[in-house]
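Fold and geometry: a report
So you can see what is in the structure, the chains are spelled out below.
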Amino acid sequence: MLQAHDRLLVVGITGAGKSYWTKAHVVERSSRLFAWDPHGDYAQASVRTTLVGAAKALPQASRGNFRLSVVEPIGSAAFFDRFESWCDLAMTLERTTLLVEECVAIRSSTSARQKLTLLATQARHRGSPLVMVAQRAVHVHPDARSQISRLVAFRQTHPADVRALSEITGKNAEGVTMLPRHVPWVWSESDTWQK
Ligand SMILES: Nc1ncnc2c1ncn2[C@@H]1O[C@H](COP(=O)(O)OP(=O)(O)OP(=O)(O)O)[C@@H](O)[C@H]1O
Ligand SMILES: [Mg+2]
C-alpha cells in the first residue's frame, strides 16, 4: 500500500503492463483517488468525469471515500490548461492518492510540468501520495524524478531511460532492457514496501 509520503513512478514501453498494474495495485486499493486519465484507462474502476464535473463533485465527495478520473483527450485545445486546473484541485485534497497517466503528454508545456513538480514536492504535506505513469523515464522532468521514492519499471529500451532509472535508484538498472512483458522491476527507497 502507498504511504502519504510516497511518490511512485511507473514506467515501461507501450503495452508493457503499466496501466494494468496501476489499476490493480493503486486504483483498486485506494479509498480516495483523484486521477488525470487522458485515455480513460481507469474508467471502470472509478467515476469518469470532466474537469468541470470534478470541480463540482469534489467539495462534497472529498468528505468521504471517492475515486474520480478526469478524462481529457490528448491534443485537445484546453489540454494543458485543464491539466493545470487538475493539479490545482489535487492540491486542495487531503489523504488522496493522486495519479497522473501519460506524463509524456504534458512535458512540452513548461507551466504544466512545473505544476506536476509542485505536486511531487508538496502533495505529501497534505497526506497525498502521487503516482506518475510514463512510457519512458525521461518523459518525467528531472525535478519530479528526483522526488521518486518507489519505482515500478517494466521494460525500457533506450539507454537514456536506463540511466535515469539508475540515477533514481542508485542501482544498476541495465536489467530493465531484458524484462519479459508484464513483469516489472520494483524498487523502493525504504526497502519495506508491502505490495
Ligand atoms: N499482468 C498481466 N497479466 C495479463 N495481462 C496483462 C498484464 N499486464 C498487462 N496485461 C494486458 O496487456 C495489455 C497492455 O497492458 P497495459 O494497457 O497495462 O499497457 P501499458 O503499459 O499501460 O501501455 P501504454 O503505454 O500503451 O498505455 C492489456 O491488454 C492488458 O490487459
Ligand atoms: Mg497505459
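Refer to the structure above for everything that follows.
Residues numbered from 1 in each chain as written. Chains lettered and ligands numbered in written order. Predicted model: local features only at pLDDT ≥ 70, side-chain atom pairs only at ≥ 80, totals over all residues.

**Looking at the packing of helix α3 (residues 79–92) against helix α4 (residues 110–122)**
Each packed pair of helices is defined by two parameters, the angle between the axes and the distance between the axes. For clarity, the threshold we go by: Think of each axis as a best-fit line through the C-alpha atoms, taken over the contacting stretch in the case of a helix, with angles from 0 to 180 degrees between the N-to-C directions. Helix and strand labels come from DSSP, where a helix needs a run of H or I of at least four residues and a strand needs a run of E of at least two; each type is numbered from the N terminus. Should an angle fall under 35 degrees it is called roughly parallel, over 145 degrees roughly antiparallel, and 65 to 115 degrees roughly perpendicular, with every other angle called oblique. By convention the crossing between two helices is left-handed if the near helix lies anticlockwise of the far one by an angle smaller than a right angle, and right-handed if it lies clockwise. Two residues qualify as being in contact provided that their C-beta atoms, derived from the backbone, are within 7 Å of each other. We call Asp, Glu, Lys and Arg charged. Ala, Val, Leu, Ile, Met, Phe, Trp, Tyr, Cys and Pro are nonpolar, and the rest, Gly among them, are polar.
Closest axis-to-axis distance for the α3/α4 pair is 9 Å, and the angle between their directions is 15 degrees. The orientation of α3 with respect to α4, classified from their angle, is roughly parallel. In the packing of α3 onto α4, the handedness of the crossing is left-handed. Residues F80, F83, E84, C87, A90 and M91 of α3 pack against S111, A112, K115, L116, L119 and Q122 of α4. Grouping the constituent residues of the contact of α3 with α4 by class yields 8 nonpolar, 2 polar and 2 charged.

**Details of the sheet that holds strand β5 (residues 97–100)**
Here is the rule: Two strands pair under a simple rule: DSSP has to find at least two bridges between them.
The strand order across the open sheet formed by 8 strands is β3-β4-β2-β5-β6-β1-β7-β8, and the pairing between neighbours is mixed. Two strands bound the open sheet, and with one partner strand each, they are β3 (47–49) and β8 (185–188). Averaged over neighbouring strand pairs, the angle between their axes works out to 15 degrees when direction is ignored. For strand β1 (residues 7–11) and strand β6 (residues 130–134), the ladder comprises 5 bridges, and the chain directions are parallel. Following the sheet pairing, L8 is matched in β6 by V131. The sheet strands contacting helix α1 (residues 18–25) are β1, β6 and β7 (150–153), and the helix crosses β6 at an angle near 160 degrees.

**A few points about the environment of V138**
With respect to the helices, strands and loops of the structure, V138 is situated in the loop between β6 and α5 (142–145). C-alpha separation for the pair V138 and V162, spaced 24 residues apart in sequence, amounts to 9.3 Å.

**Description of the nonpolar core**
This is how the line gets drawn: By convention in this section, buried Ala, Val, Leu, Ile, Met, Phe, Trp, Tyr and Cys residues joined through C-beta atoms within 7 Å make up a nonpolar core. Buried, partly exposed and exposed are defined by the number of other C-beta atoms within 10 Å of a residue's own C-beta, namely 20 or more, between the two limits, and 12 or fewer respectively, with C-beta atoms placed from the backbone.
Counting residues in each nonpolar core, the largest one holds 52 residues, and the members touching the most others are V131 and M132. The element best represented in this core is β6, accounting for 5 residues. Residues contacting M132, with those up to four places away along its chain left out, are L9, V100, C103, V140 and A144.

**Description of unusual backbone geometry**
With a phi close to 55 degrees, E102 is a non-glycine residue in the positive phi region. Looking at the element boundaries, E102 is found in the loop between β5 and α4. Of the residues examined, E102 has 20 C-beta atoms within 10 Å and is grouped as buried. Residue H182 is not a glycine yet carries a positive backbone phi of 70 degrees. As for its position among the elements, H182 is in the loop between α6 (159–169) and β8. For H182, a count of 14 C-beta atoms within 10 Å translates into the label partly exposed.

**Points about the pairing of β1**
Extensive coverage of β1 is indicated by the burial of 5 of its 5 residues. Of the two faces of β1, the one carrying R7, L9 and V11 and the one carrying L8 and V10 are both buried.

**With respect to the pairing of β5**
Burial of the side chains of β5 extends over both faces: T97 and L99 are buried on one face and L98 and V100 on the other. One ladder, built from 4 bridges, connects strand β2 (residues 32–36) with β5; its direction is parallel. Considered in β5, the bridge of A35 is made with L99. When β5 meets β6, the two strands line up parallel, connected through 3 bridges. Looking across to β6, one finds that L99 is bridged to V131.

**A short note on the environment of E167**
Topologically, E167 is positioned in helix α6. According to the C-beta neighbour criterion, E167 is partly exposed, with 15 such atoms within 10 Å. Considered as a pair, E167 and L51 are 116 residues apart in the sequence and their alpha carbons are 35 Å apart.

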